[in-house]
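Remarks on the overall topology
The chain contents come next:
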Amino acid sequence: MSSREVVVLSVGGVRFVTRASTLQQFPESRLARMLSEEDREFKLVNGEFFVDRDGTLFSYIMDFLRTLQVSLPTDFSDYQRLRREAEFYGLYPLADLLSQEHLLRPRLEILEVHFSLQEMQAFFRIIGSCSTTVGTLAERITVFTGQQSGQSWDSPFPSQKPLVPLPLERPSHHDVAFRCGTDYSAGDQFVARYVSIKPDNRKLINGTNVLGLLLDTLLKDGFRLISTRTVSSEEKVECYSFERMRRPAGLTVTVNQTPGSSGVAQAKRSQVQKGK
């Protein structure tokens, strides 16, 4: 790689090393013109371009040039300052995306787990404010069923017959329901339901064990347990409430360029979010 393909910038004392092609993503920007020495405000000192601007915010600009996506930390709040920096560098597609601040800010997500024990079965219902999260969680949960004889509901040994996966109940896009345990079939035969939650490979039949695995899974996914309460004292339904700050899907910029053109940029969602 030739030295002309590698560009070193010192922005507010922070050093960045990148390809020239990265800085030329938007030919009309000041960064692209800097390389052709058309913008004299950027001084070349000892082989490095010196820029008297905020180096921390410039790291987000470099990330945008490399990926054509806006992806900001959950606790980020300097939208106006970053937009001002984008305008300074002539990156107006980025400035336009940052003006859609409501699409970039993390949103509070609420999720509840309803749990009840009835005789030898445990019933679960998961209700969430974001249907995408509920759908993703449902894909990780599998209920298996099989017949066994003379065994209690908390037996650790599955039936000798192959277990058959069952579809989960989806009353709506925002909730999912399932159960585990055993139920009488005929004679001394039991219908047993086991639950597995990826990435854990265990098949659990005991409702308390399944509840523990489910809560642990949610905590690992970034949720925070905020309260526990009894929804129905008669049916002994316990409710576990969780919340987390959910980062929105990134915004991307599609650059349509033809030879000799400066490029036309359009902003769009990198993925569609449901349930909003």
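An account of the accompanying structure is given in this report. The shown structure was predicted, so the numbers you read here are calculated from the model rather than taken from an experiment. Numbering of residues starts from 1 in every chain and runs along the sequence as written. Selection of residues for local features in this predicted model requires a pLDDT of at least 70, selection of side-chain atom pairs for listing and counting requires 80 or more, and totals for whole chains, interfaces and linings are taken over all residues. Side-chain measures were taken over the full set of non-hydrogen atoms in the model, leaving aside hydrogen atoms and water.

**Focus on unusual backbone geometry**
For the peptide bond that leads from Lys198 to Pro199, omega is 5°, which places it in the cis range. In the Ramachandran plot, Leu68 falls in the positive-phi region, its phi being about 60° despite a non-glycine side chain. Even without being glycine, Glu119 reaches a positive phi, approximately 55°. Here Glu119 shows up in the loop between strand 6 (107-118) and strand 7 (121-128). Only protein chains enter the area calculation, which uses a 1.4 Å probe; residues under 20% of their type maximum are buried, those over 50% are exposed, and those in between are partly exposed. The exposure class assigned to Glu119 is exposed, which follows from its relative accessible area of 82%. A run of DSSP states H or I qualifies as a helix once it reaches four residues; a run of E qualifies as a strand once it reaches two. Both are numbered from the N-terminal end.

**What to know about helix 8 (residues 207-220)**
Relative to the 20 Å expected for 14 residues at 1.5 Å per residue, helix 8 spans 20 Å between its end C-alpha atoms, a close match to the ideal helical length. Of all the positions in helix 8, only Gly207, Val210, Leu211, Leu213, Leu214, Leu215, Thr217 and Leu218 are classed as buried. For the purposes of these results, a polar contact is taken to be a pair of N or O atoms within 3.5 Å, where, inside protein, one atom must be able to donate a hydrogen and its partner to accept one; residues adjacent in sequence count only when each atom of the pair is a side-chain atom. The N-terminus of helix 8 is capped by Asn206, whose side-chain oxygen sits 2.9 Å from the backbone nitrogen of Thr208. After helix 8 finishes, the residue Gly222 shows a positive phi value of roughly 100°. Helix span, expected: 1.5 Å multiplied by one less than the number of residues in the helix.

**Re the pairing of strand 7**
Across a regular strand the side chains alternate sides, sitting on one face of the sheet and then on the other. The pairing criterion for strands is at least two bridges between them, as found by DSSP. Here strand 6 runs beside strand 7; their pairing, made up of eight bridges, is antiparallel. Its bridge partner lying in strand 7, Glu112 is registered against Ile127. Between the antiparallel neighbours strand 6 and strand 7 lie two residues, among them Glu119 with a positive phi of about 55°.

**Regarding the pairing of strand 6**
Bridging between strand 6 and strand 14 (residues 237-246) involves 10 bridges; their strand directions are antiparallel. Residue pairing in the sheet places Arg107 in a bridge with Arg246 of strand 14.

**Quick notes on the packing of aromatic side chains**
Each aromatic ring pair is summarised here by two numbers: the centre-to-centre distance and the angle between the ring planes. Any Phe, Tyr or Trp ring, taking Trp's six-membered ring, that has another such ring centre within 6.5 Å forms a pair; planes under 30 degrees apart are called stacked, those over 60 apart edge-to-face, and the others tilted. Under the definition given, this model contains 11 aromatic pairs. Where Phe42 meets Tyr89, the ring centres are 6.4 Å apart and the plane angle is 15°; that geometry is what we call stacked. Remark: Tyr89 occurs in the loop between helix 4 (79-88) and helix 5 (92-98) and Phe42 occurs in the loop between helix 2 (30-35) and strand 3 (43-45); sequence separation between them is 47 residues. By relative accessible area, Phe42 is classed as buried at 6%. You can call Tyr89 buried: its relative accessible area is 0%. Judged by centre distance (5.0 Å) and plane angle (80°), the rings of Phe88 and Tyr89 are edge-to-face. Exposure class is identical for Phe88 and Tyr89. Each is buried. Geometry around Phe88 places Arg30 over its ring, the cationic atom sitting 4.5 Å from the centre. Look at NZ for Lys and CZ for Arg. If either is within 6 Å of the ring centre and within 35 degrees of the ring normal, a charge sits over the ring.

**Brief notes about the environment of Asp183**
By the secondary structure assignment, Asp183 is in strand 11 (residues 175-184). For the pair Asp183 and Gln147, spaced 36 residues apart in sequence, the C-alpha separation works out to 9.7 Å.

**Here's the deal with the pattern of salt bridges**
Should a side-chain nitrogen of Lys or Arg be within 4 Å of a carboxyl oxygen of Asp or Glu, the pair is scored as a salt bridge. By the definition in use, this model includes 13 salt bridges. A salt bridge links Glu48 to Arg15, with the nearest nitrogen and oxygen atoms 3.0 Å apart. In this pair, Glu48 is assigned in strand 4 (residues 48-51) and Arg15 in strand 2 (residues 14-19), connecting sequence segments 33 residues apart. Arg81 serves as the salt-bridge partner of Asp54, at 2.6 Å between the closest nitrogen and oxygen. One end of the pair, Asp54, is in the loop between strand 4 and helix 3 (55-67); the other, Arg81, is in helix 4, with 27 residues separating them in the sequence. Residue classification places Arg81 among the partly exposed positions, given a relative accessible area of 33%. Overlapping salt bridges bring together Asp54, Asp78 and Arg81 as one network.

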